[in-house]
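Below, each chain spelled out in residue letters.
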Amino acid sequence: MKVLVIEDSKEIASSLHDFLAREGYICELAETFDEARTKLSLFTYDCILLDIMLPDGNGLELLKFIRAENIQSGVLIISAKDALDDKVTGLEIGADDYITKPFHLPELHARLRAIYRRKQLSGSSMISFNEISLNTDTLEATVNDTLLEITRKEFELLLYLIVNKNRVLSRQSIATHLWGDYTDNLANFDFVYQHIKNLRKKISAANGADYIATVYGLGYKFNASAAVK
Amino acid sequence: MKLVDKFTLWFIGIIVLTTPVTAYICYHNLVKNIDKTEISQLSALNETTASRMEKGLPIGEAPKGSSLSVTPLQTALPEDRVQIEKTNSDDKGFISLLTVNSYYTIKGQPYRISSNNYIPGSKQIMNAIMDTIIWKLLIIIVCVSITARLVSARILQSLKLTIKQIQRFNVKKKVQFPVTRTHEFRELNEFLQRTTDKAVDEYVAIKEFSENASHELQTPLAILRNKLELLSETNIEEDQATLLGDMQNAIERLSKIHRSLTLIAKLENNEYAVSESIKFCRIAKDVLAAYEDRIEMKHLSVHTDFGSNVQLKIHPMLADMLMNNLLGNAVRHNVDNGNIDIRLTAQRLIVSNTGLPPEMPTDELFQRFKKSNQCSDSVGLGLSIVKQICDVSGFCVSYSYKNRIHTLQVDFQPAPKAVVTPVPLDNLAAAAQPAIV
């Protein structure tokens, strides 16, 4: 996947670059409105990460430019503003999704993948990893062609883990992914733990490998290299 | 009382007060003038009679209504050649008899020539004046009342416009006050124009500041969080992982606090004003569905009683947040195998749940950063947000703890000035009681 990161904060841009590069994506950076417009005119990208506040212009204007030029890339808006107006306007102008700072990198990645699936893989709803297959339309998961009896949250969790395989997923990031983050409640890690536990139980019941590992002190990890049972 | 009524009453009051004084002056002047005219006429009659007698002519007839008499005197003429007598000619004082005695020496013989006439008595004059005053007062009151209304509508037009403008004023938008030629209104409008413009400017400045602050804080938070995430994927030891985990927790907390405070500030700025109603019952059901997994994990039993078609005037995002905070609390502060009871009607929403007794008076829990159990998985802003959302939407929220049940009640149409406070004594009594489940 080829991604253009339009972000004026060098530190965030470099985090995004490092994270996405490890996934094997080609990641280009643009720090300003003009630079971004030039790159968009010259090259094509699968996905664009767009910061709304740029030093020399508004990201929403850039979004209008992208849609006016009929650029087919998926657009994920990154904003520090939690302003609802921006969100609504952004999605109306034609962004595919919206994420607010401070975001979790795996969360951003999951959303990027979702956009990519919808846009570039022409809406393919199947995600497979070894013996595990997920259908994002029907929310059905199979292991070795056996249908797993899992809840919607467990499905979302498994999808999140597989998209971010071999990554350490903090409990905060999992909690935010499952339940959103606009309540006062801090992530209740007991619930995360129980969901993980149930998921592992259900996968191994279907003779799947135990991919999900606990990372001491931090969270969990979908270990792609786990030995098949 | 309306301004025009006040003016009218004062005006009428002044007229009523001054009328007796003017009536007295009027009476006095009338009596004086009637007497003066009559005296001069009668004196002239006496004079004419005297000169006729001098010339040896007959005395002649007195004019109609008056009488004339000539009396020869035995004594010398009195010093005062003209004497005036005024007597009441009836008991009631309606008619007075005015007599003018003139003394003359005609052909060596002293005479007294008396003429008299009936004039209106004090009572009659008084009655006439009273009649006039009553009519005058009536006419003035009617005229003043009518014209005051007609004229005030014109004069107070500008004031009315100003009041309308100020009622509709919202800090988000500047308003233009009407131009008027009335000095006081012009001063008022100029003052209001300055004040409202300033309020709008300051609102914009604060909004910009909080937005900038939000941006400036979110970016370093995002950097910290992302760098920690990258760091946690490098080869690290277990003790380093613990440190990283703690840091991630701290960032999580910081981010929540910041987001909640920004939200409260926005609510205080009234940024979520709405004019349309939404189906609150639908949102309530959706939010409850989102908590399904956590309710199940804690083995809570939920009883719901959702009224159908509950329409409320509230921003959809706030409705969502309100339900999320209430339900989140009900789940989080619950005990395993506990209960949650949710009742929603067009009048109120009641969320009650089992839980440990609060460690402070329940109404204090609406204050920012007040936490009952000081449990570490909360930042203590949830109920402040609930309160703020209720304030913004014109709802009234109250919290009570009784018989081991926490109850949060949101009244959608609170009675004006109704003070809904749980009685603290009840709490203490309930806490001291043995548990009844």
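The numbering scheme is per chain: residues are counted from 1 as the chain's sequence reads. Just so you know, chain letters begin at A and ligand numbers begin at 1, following the order they were written in. Totals for whole chains, interfaces and linings use every residue, but because this is a predicted model, local features are given only for residues with pLDDT of at least 70 and side-chain atom pairs only at 80 or more, for both listing and counting. With hydrogens and water excluded, all non-hydrogen atoms of the structure serve as input to the side-chain values.

Looking now at the pattern of salt bridges. For salt bridges, the criterion is a side-chain nitrogen of Lys or Arg within 4 Å of an Asp or Glu carboxyl oxygen. Under the counting rule described, the total for this entry stands at 26 salt bridges over all chains. Between Arg200 of chain A and Asp210 of chain A there is a salt bridge whose closest N-O contact spans 3.2 Å. Pair noted here: Arg200 of chain A is in helix H8 (residues 189–205) and Asp210 of chain A is in the loop between H8 and strand E13 (212–215), with a separation of 10 residues, a long-range link. Three labels apply to residues, based on accessible area from a 1.4 Å probe with only protein chains included: buried if under 20% of the type maximum, exposed if over 50%, partly exposed otherwise in between. In this structure Arg200 of chain A comes out as partly exposed when scored by relative accessible area, which is 28%. Residues Lys86 of chain B and Asp35 of chain B are paired through a salt bridge, measuring 3.0 Å at the closest nitrogen-oxygen approach. With Lys86 of chain B in strand E2 (residues 82–88) and Asp35 of chain B in helix H1 (residues 3–54), this residue pair connects regions lying 51 residues apart in the sequence. A single network of salt bridges, built from pairs that share partners, joins Arg22, Glu23 and Arg167 of chain A together with Glu233 of chain B. Under the DSSP-based scheme used, a helix requires at least four consecutive residues in state H or I and a strand at least two consecutive residues in state E, with every element numbered from the N terminus.

Attention now goes to the interface of chain B and chain A. The contact criterion used throughout is that any non-hydrogen atoms of two residues lie within 4.5 Å. Counting residues at the interface gives 52 residues for chain B and 43 residues for chain A. Summed over both partners, the accessible area lost on bringing two parts together, with a 1.4 Å probe, is the buried area. Contact with chain A buries surface across chain B, with Glu233, Arg259 and Met297 of chain B losing the most and accounting together for 16% of the total. For the salt bridge of Arg167 of chain A with Glu233 of chain B, the shortest nitrogen-to-oxygen distance reads 2.8 Å. Whenever a nitrogen or oxygen atom comes within 3.5 Å of another N or O atom, the pair is scored as a polar contact, on the condition that within protein one atom can donate a hydrogen and the other can accept it, and that pairs from neighbouring residues in sequence are kept only if both atoms are in side chains. If you look at where chain B meets chain A, you find 14 residue pairs in polar contact (both at pLDDT 80 or more). Three classes are used, and their members are as follows: Ala, Val, Leu, Ile, Met, Phe, Trp, Tyr, Cys and Pro are nonpolar, Asp, Glu, Lys and Arg are charged, and the others, Gly among them, are polar. Its residues assigned to classes, the side of chain B that touches chain A comprises 15 nonpolar, 20 polar and 17 charged.

As a further point, take the UniProt feature "modified residue: 4-aspartylphosphate" (unreviewed entry) in chain A. All names here are of chain A. UniProt positions are given in the numbering used here, feature names are shortened, and annotations may be inferred rather than shown by experiment. The UniProt record marks Asp51 with the feature "modified residue: 4-aspartylphosphate" (unreviewed entry), using the residue numbering of this structure. Within the element layout of this structure, Asp51 appears in strand E3 (residues 47–51). Setting aside residues no more than four positions away along its own chain, Asp51 makes contact with Ile6, Glu7, Asp8, Gly59, Ile78, Ser79 and Lys101.

With that settled, consider helix H8 (residues 316–332) of chain B. Expected helix span is computed as 1.5 Å times (number of residues minus one). The terminal C-alpha atoms of H8 of chain B, which comprises 17 residues, lie 24 Å apart, in line with the 24 Å expected from a rise of 1.5 Å per residue. Within H8 of chain B, 14 of the 17 residues are buried, which leaves it mostly tucked inside the rest of the structure.

With that settled, consider the packing of helix H3 (residues 157–167) of chain B against helix H4 (residues 183–231) of chain B. All names here are of chain B. Where helices are involved, their axes are fitted lines through C-alpha atoms of the stretch in contact, as for all axes, and angles between N-to-C directions lie from 0 to 180°. Interhelical geometry of H3 versus H4 gives an angle of 15° and a closest axis separation of 10 Å. As far as their axial angle goes, H4 and H3 are roughly parallel. Seen from above, H3 lies across H4 with left-handed handedness. Residues Ser158, Leu159, Thr162 and Ile166 of H3 pack against Phe185, Leu188, Asn189, Leu192 and Thr196 of H4. Considering only residue class, the contact of H3 with H4 consists of 5 nonpolar, 4 polar and no charged. An angle counts as roughly parallel when it lies under 35 degrees, as roughly antiparallel when it exceeds 145, as roughly perpendicular when it falls between 65 and 115, and as oblique in every other case. Left-handed describes a crossing whose near helix is turned anticlockwise from the far helix through less than a right angle; right-handed describes the clockwise counterpart.

Before going further, it helps to examine the side chain of Arg167 of chain A. Relative to the helices and strands, Arg167 of chain A is located in the loop between helix H6 (152–163) and strand E12 (168–170). In this structure Arg167 of chain A touches Phe19, Arg22, Glu23, Tyr220, Lys221 and Phe222 of chain A together with Glu233 of chain B, once residues within four positions along its chain are discounted.

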